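Single-letter residue listing:
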Amino acid sequence: MVLKTFGWSFVITAIGLALAVLYDGWTALGVVAILAVLEISLSFDNAVVNAGILKKMNAFWQKIFLTIGVLIAVFGMRLLFPVVIVAISAKIGPVDAVDLALNDADRYQQLVTDAHPSIAAFGGMFLLMIFLDFIFEDRDIKWLAWLERPLAKLGKIDMLSVCIALVALLIASMTVATHAHQHGGAHVDKAQTVLISGIAGLITYLVVGGLSGYFENRLEEDEEREHEQEEEARRTGSAVSAVAMAGKAAFFMFLYLEVLDASFSFDGVIGAFAISNDIVLMALGLGIGAMYVRSLTVYLVRQGTLDDYVYLEHGAHYAIGALAVILLVTIQYEINDVITGLVGVVLIAWSFFSSVRRNRRIAAAGGEDAGERAEVGSGV
């Protein structure tokens, strides 16, 4: 099972490390290996969240996620995205941006760093909305019940998550504006850039999330009527439209996954510059890491890990919330990448061990209901 799921990841790792040695010797191999570990550590929470979405999709779309999705993740976000950012920031053509990346790595790194506020605002808002919509939803299983119960009640207020996200964006942009004013207005346009990018991130979440949710709901309704209407559908030909609807639902969930992965990759791409500003080594290292994250996502789905360890999804969403806040803070203040990675790892590890304790209580009590009573009584 492990070899089948992670087989391509092992192959890509071998190829990537071999290319690194051919490109710049054994030192390059070490850099690529470090970048791969960085990507995996920063994106483990991404795998858990992706698994919660991917388990709703059939085997075909899971394969699409592992093939076309990987191409988008590796070549799109880890290679082309920094080049596009440089091209837009420096107002040069894509070819010139690639030439700059290959022949003037320091200048290339500076341009990507200068674009960080807009990247962080977009990604921060997108991830913050994911966290808020999760935490404000009333769920049967609660991890930190003392916190999640009152938040679920607050979640009944319409558009509360959008309002909180916009307030966070305003605070971030006003902080940037205040800092620019105190330093003579040297970066007075930065606040406007942050505001526009953050709103774009919010709109992207609402559009993609809304469409995927809409088609997912339609798909569930079709499945409920499937048994009753099967004979009539086969006779009238309406079964074709039902398949098309399933395709639309899966497509928009796939699109949602890709935008989610893009938002998660922002911190990895920016953080990679602390290790290397060589675009080739960055693409190899981050690409290997992205492949493992995707394989891990499929492994979690096929093993039913999220069903066995029910708090993992909670921990991953708390990690998303922490990452969103970190991205918004880094618009103005620098935060070490080690902190960014550790926050996610700690939260997910905590949720995993909480799930293990829950399973032991249920087993000791001899049933689900008794276990849930023990859980509530413990205040978890």
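See above for the structure.
Source: prediction; values computed, not measured.

Asks: Looking at this structure, I do not really get helix 4 (residues 94–103). What am I missing?
Replies: Side chains three or four residues apart in an α-helix point the same way, a direct result of the helix having 3.6 residues per turn. Taken together, the buried positions of helix 4 are occupied by A97, L100 and A101. Viewed end-on, helix 4 has its buried residues packed into an arc of 100°, placing them on one side of the element. Set apart from the buried face of helix 4 by more than 90 degrees, the exposed residues are V95, L102 and N103.

Asks: I tried to follow the packing of aromatic side chains on my own but got confused; where do I start?
Replies: The geometry of an aromatic ring pair is captured by the separation of the ring centres together with the interplanar angle, meaning the angle of the planes. One pass over the structure, following the stated rule, counts nine aromatic pairs. For the ring pair F10 and Y292, a centre distance of 6.2 Å and an interplane angle of 55° mean the geometry is tilted. Here Y292 lies in helix 11 (residues 279–303) and F10 lies in helix 1 (residues 2–54), a separation of 282 residues in the sequence. Residue F10 is classed as partly exposed on the basis of its relative accessible area, which comes to 38%. For Y292, a relative accessible area of 18% puts it in the buried group. When the ring of Y309 is compared with that of F352, the centres are 4.9 Å apart and the planes differ by 40°; the resulting orientation is tilted. Taken as a pair, Y309 in the loop between helix 12 (305–308) and helix 13 (312–329) and F352 in helix 14 (residues 337–365) lie far apart in primary sequence, 43 residues in all. What makes Y309 partly exposed here is its relative accessible area of 25%. The exposure class of F352 is partly exposed, given its relative accessible area of 29%. Within the aromatic cluster, the residues linked to one another by ring pairs are F6, F10, Y292 and Y299.

Asks: Even after reading the chapter, I still don't get the pattern of salt bridges, so can you show me in this structure?
Replies: Here the idea is simple: oppositely charged side chains can pair when their charged atoms come close. Applying the stated criterion across every chain yields a total of two salt bridges. Across the pair R139 and E137 runs a salt bridge whose closest N-O atoms are separated by 3.2 Å. The salt bridge involving K142 is made with D138; its shortest N-O contact spans 3.2 Å. Among the residues examined, D138 registers a relative accessible area of 53% and is labelled exposed.

Reading the values: rules and limits
- Residues numbered from 1 in each chain as written.
- Predicted model: local features only at pLDDT ≥ 70, side-chain atom pairs only at ≥ 80, totals over all residues.
- Heavy atoms only, no water.
- Buried < 20%, exposed > 50% of the residue type's maximum accessible area, 1.4 Å probe, protein only.
- Helix = DSSP H or I, 4+ residues; strand = E, 2+ residues; numbered from the N terminus.
- Arc of directions from axis to C-beta.
- Phe/Tyr/Trp six-rings, centres within 6.5 Å; stacked < 30°, edge-to-face > 60°.
- Salt bridge = Lys/Arg side-chain N within 4 Å of Asp/Glu carboxyl O.

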